[in-house]
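Letter by letter, the chains look like this.
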Amino acid sequence: MADSSRPRIRELEPRLINQIAAGEIVERPASLVKELLENSVDAGARRIVVEVEQGGMQRVAVHDDGVGIHPDDLELAVARHATSKLAALDDLDRVATLGFRGEALPSIASVARLTVRSRIEGADCGWELVCEGGARGERRPVAREAGTTVEVRDLFFNVPARRKFLRAEATELAHVDNVVRRLALGSFETAIELRHNARVGRRYPASGGDDARAQRVAAVCGDAFLAQCLPIDEQAGGMRLWGWIGLPAVSRSQTDLQFFYINGRWIRDKVVTHAVRQAYSEVLYQGRQPAYALYLELDPGRVDVNVHPTKHEVRFRDSRPVHDLVYRTVHRALEHTRAGATPRAAPAATAHRPPPTQARLPLAAREQLATYTALHDPSPAAEINPAPEAATVVPPLGFALAQLKGVYILAENRDGLVLVDMHAAHERIVLEKLKRELGDAGIVAQPLLVPVSMTVSDTEADLIEGHAPSFDRLGFDVSRSGPRSISVHSVPQLLADADIAALVRDVISDIAEHGHSRRVEQTLETLLGNMACRSAVRANRRLSIAEMNALLREMETTERSDQCNHGRPTWTEVPLDELDKWFLRGR
Ligand code: ADP
Ligand code: MG
């Protein structure tokens, strides 16, 4: 065959290799900030300053006070596959630093102008090395304090195709900000400052103690999150999970407040995201995203971080215990979101409503008002209800005063006015009752008169054989009837009318993906939810004061009663000082 039609194989030159690697690591200025910040944290920095110009497209510089780079290692720092963080093959199984692949600096140097300046403790001076588009200059001495500065200018100056993908300054800056926030929530002990175009944008002081940590959480996630979150801390199976989970009231339409760290590294992982979502499924309105900052600590040997060059993905040696711990801990914490037990701010609509302008009642109107009050008992609840002042203990949701438009219960508690959506609240109460009953009896299996036969793949059939106990527990009796067929002999009683084949298939795919399935529980919950919805008090039913008080007391002792079965809030509160503001009443 003619040689011209068959290209010959040759080794790529180093500069090209680095540019290819840069394709994966350096997407935009924020990627530079991420890599440089990680290096500073790995160097044990106590204080890091990030400087960004024009969203980082023109210049990114990261200064730290870490251990620095030995002058003789400066050339190696920008060489490919050169790192101080791994020495032997075994180290790769237990990575304890954020970096370890030794490719960030050379990749960056291949697509931008890179300057590294560093001085180690006790040295006479610092040293500087400049690289441009992969070409390395000579190192030269510079005056500077101990620590390292890495400066990157003109990103993609030599890769016009990539430059086109850069967005507006504000967009790039937002990405940089996100990276800094992620890192700030992962390294409490390090003070971090972000400056844009020479102005201080963010400042995260070092935060060692618990209070200081909470301050940083508020700085990154917002005050509203801190005010309405639950701290958690749980240990099991050699792992520890701690952090803060947002109450449903601070859920979002986006996943922007979901921070998950494994051994200090921010990650995005299917197993943990799924576990958290599932834990929230009963209290979040569909489409809402939970907010959380969670930290998982486990033996580095149990998780592989060498999955992707950016190291945002991980692979667990065994994902089941991780999923269990995350699901169980978050779910249990949320269980206790009983009405009145957790802080609740007035909804934004009332919190920011301007006080109404003072009405001037004409005399005639005032007279009418007097007649009206004479005709109507001003406090119909007074005889039935102990006055809140007189009672020794006012329950969190207070005492019922009246029903509004057949939909809302108005009650008075210590702080002021309480408003309850009676259908939503009752629905949750009924659901939790049904669930308790189901829990006591367990999932009852119902044998099928005629077994259902299904065709499945080899792998699915193997999976069913291997997970017989899991199916049993869920109320299914499933056996293999051929290499690619199974028969279902019994199903969960309450779901006997469901589409059995579809349910079994869903359970199989859950087990294939997560090692276990909550599908039956979930389907049961949906079913119970529908039952609860049907049997809960409908709007427009008149309730007596006593009935309303009974409902309030039940809410206080029912798990998850802050939200209805669909995740909508069941109650809200308007404190007296808020009311006073509406009426311009000074106190
Ligand atoms: P990696 O972080 O995977 O080792 P990098 O290319 O990011 O690879 O960095 C190469 C090496 O340069 C690091 O292993 C480290 O020894 C050194 N280095 C980079 N940045 C710093 C810094 N800010 N402080 C001290 N050493 C640094
Ligand atoms: Mg690195």
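See the structure printed just above.
Residues numbered from 1 in each chain as written. Chains lettered and ligands numbered in written order. Predicted model: local features only at pLDDT ≥ 70, side-chain atom pairs only at ≥ 80, totals over all residues. Heavy atoms only, no water.

Colleague: How do you make sense of helix H14 (residues 458–466) when you look at a structure like this?
Modeller: Owing to its 3.6 residues per turn, the α-helix aligns residues three or four sequence positions apart on the same side. Every buried residue of H14 is accounted for by Ala461, Leu463 and Ile464. End-on view of H14: buried residues confined to an arc of 160 degrees, all on one side of the axis. Exposed residues on H14 whose side chains face more than 90 degrees from its buried face are Thr459 and Gly466. Contact partners of the buried residues in H14: helix H15 (468–473), strand E21 (477–482), strand E22 (485–492) and helix H16 (500–514). (Buried < 20%, exposed > 50% of the residue type's maximum accessible area, 1.4 Å probe, protein only. Helix = DSSP H or I, 4+ residues; strand = E, 2+ residues; numbered from the N terminus. Arc of directions from axis to C-beta. Contact = heavy atoms within 4.5 Å.)

Colleague: Please explain the pairing of strand E19 (residues 416–421) as it appears in this structure.
Modeller: In the case of a regular strand, side chains alternate between the two sheet surfaces. As paired elements, strand E18 (residues 408–412) and E19 share 5 bridges and run antiparallel to each other. Across the sheet, Tyr408 pairs through a bridge with Asp421, a residue of E19. Hairpin connection from E18 to E19: 3 residues lie between these consecutive antiparallel strands. Pairing geometry for E19 and strand E23 (residues 571–575), over 5 bridges, is antiparallel. When the bridges of E23 are listed, Leu417 appears paired with Val574. (Pairing = 2+ DSSP bridges.)

Colleague: Sorry if this is basic, but what is going on with the sheet that holds strand E12 (residues 258–262) here?
Modeller: Strands in a sheet are paired, the pairing made by backbone hydrogen bonds, and the direction either parallel or antiparallel. The strand order across the open sheet built from 5 strands is E10-E11-E14-E12-E13, with neighbouring strands paired in mixed fashion. A strand with exactly one partner marks an edge of an open sheet, and here the two such strands are strand E10 (229–236) and strand E13 (265–266). Both strand E11 (residues 239–246) and strand E14 (residues 292–297) contribute to a ladder of 6 bridges, which runs antiparallel. Following the sheet pairing, Trp242 is matched in E14 by Tyr295. Packed on one face of the sheet, helix H9 (residues 270–280) meets E11, E12 and E14 and runs near 130 degrees to E14. (Axes fitted to C-alpha atoms, helices over the stretch in contact; angles between N-to-C directions.)

Colleague: Please clarify how the packing of aromatic side chains should be interpreted in this entry.
Modeller: Aromatic ring pairs are defined here through the distance separating the ring centres and the angle between the ring planes. One pass over the full model with this rule turns up 8 aromatic pairs. Centroid distance Phe471 to Phe476: 6.4 Å. Interplanar angle 70 degrees. Geometry classified as edge-to-face. Among the aromatic residues, those joined into a cluster by ring pairs are Phe188, Trp242, Trp244, Tyr261 and Tyr295. The cationic tip of Arg113 hangs over the ring face of Phe157; the distance from NZ or CZ to the ring centre is 3.9 Å. Here the basic side chain of Arg182 rests over the ring of Trp266, its NZ or CZ set 3.8 Å away from the ring centre. (Phe/Tyr/Trp six-rings, centres within 6.5 Å; stacked < 30°, edge-to-face > 60°. Lys NZ or Arg CZ within 6 Å of the ring centre and 35° of its normal.)

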